[in-house]
Amino acid sequence: FLVFLFSINISIIKAEEKIAFIDLNIIFDNSKAGKEIIQKVQKIQKNNSNELSKLKKKFDKDREDLKKQKNVLSEDEYKKKFFQLDKNVKEYNLLVNKKNSETTNFQLKARSQFYNKLTPILETYAKENSISIILKKENILIGKTDLDISKDILDLFDKNVKKITVK
């Protein structure tokens, strides 16, 4: 009987472990530093789009001009211009891939630095509030809403982190 009571007592103590969860997307999307990163990414994407759009229009115009000149130019001259245009289009495609890769790398670095700043805040919050485990919300199927600490962490993050410089 004593062993039974002792085992129940241990399981009750273990059940008192505090668990919380956090929605990292809410923190990233709504924090001042996260919003600034999002704006930088949007600005980079817009600049890339404008630059690439201008180049694409130029290639389209060059292609149309070459079509119009097909009957006027000698066959060798036409082939030279065609191959040059083809080379320029290939360079354009490489540039598109490079710009996309640079944007993706910037986003990955920014998120990494964001989470590096967030981790000590989570550790301190967990220690101060006797929380044993903080889980990501996307890994939880169902949970009580009072276990969601996203709002508290967002407030702490905004208080402690004003800006994140992406290197």
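Since we're looking at a predicted model, the values are computed, not measured. (Residues numbered from 1 in each chain as written. Predicted model: local features only at pLDDT ≥ 70, side-chain atom pairs only at ≥ 80, totals over all residues. Heavy atoms only, no water.)

Quick notes on the side chain of Ser150
The following threshold applies: Each helix corresponds to a stretch of at least 4 residues labelled H or I by DSSP, and each strand to a stretch of at least 2 residues labelled E; elements are numbered beginning at the N terminus. Think of it in three bands: with a 1.4 Å probe and only protein chains considered, a residue is buried below 20% of the maximum accessible area for its type, exposed above 50%, and partly exposed in between. Contacts were defined at the residue level, with two residues in contact if any of their heavy atoms lie within 4.5 Å.
Within the fold, Ser150 resides in helix H5 (residues 150-160). With relative accessibility at 2%, the residue Ser150 sits in the buried group. Ser150 has contacts with Phe21, Ile22, Asp23, Ile26 and Ile27, leaving out every residue within four places of it along the chain.

A word on a nonpolar patch on the surface
Selection rule: A patch is a set of surface residues, each over 30% in relative accessible area and not in a salt bridge, joined within 9 Å for like charges and within 5 Å for the nonpolar side chains Val, Leu, Ile, Met, Phe, Trp and Tyr. Where accessible areas are quoted, they stem from the Shrake-Rupley method and a 1.4 Å probe; at the residue level, only the protein chains shown are allowed to cover. Here, a salt bridge means any Lys or Arg side-chain nitrogen found within 4 Å of an Asp or Glu carboxyl oxygen.
Together, Ile19, Ile133 and Leu135 make up an exposed nonpolar region whose accessible area comes to about 230 Å². Summarising the element assignment, Ile133 is placed in strand E2 (residues 131-136). Ile133 gets classed as partly exposed once you look at its relative accessible area, which sits at 39%.

Topic: unusual backbone geometry
Despite not being glycine, Ser130 shows a phi value in the positive range, around 50°. Mapped onto the secondary structure, Ser130 falls in the loop between helix H4 (75-128) and E2.

Notes on the environment of Lys163
Relative to the helices and strands, Lys163 is located in the segment after H5. Residues Lys163 and Gly34 lie 129 residues apart in sequence; the distance between their C-alpha atoms is 8.5 Å. When residues no more than four places from it in sequence are discounted, the contact partners of Lys163 are Ala33 and Glu36.

Quick notes on the confidence of the model for the protein chain
We apply this condition: Across the chain, each position has a pLDDT score giving the predictor's confidence in that residue, from 0 to 100.
A residue-level look at the protein chain finds 90% of positions with pLDDT of 70 or above and a mean pLDDT of 87. Per-element confidence in the protein chain is highest for H5, whose mean pLDDT is 95, and lowest for helix H1 (residues 2-15), whose mean pLDDT is 54.

Overview of the environment of Val41
Counting through the fold element by element, Val41 comes out in helix H3 (residues 32-69). For Val41, a relative accessible area of 7% corresponds to the buried category. Put simply, Val41 and Gln107 are 66 residues apart on the chain and 7.0 Å apart in space, counted from C-alpha to C-alpha. Those residues in contact with Val41, other than ones at most four positions away along the chain, are Thr103, Phe106 and Gln107.

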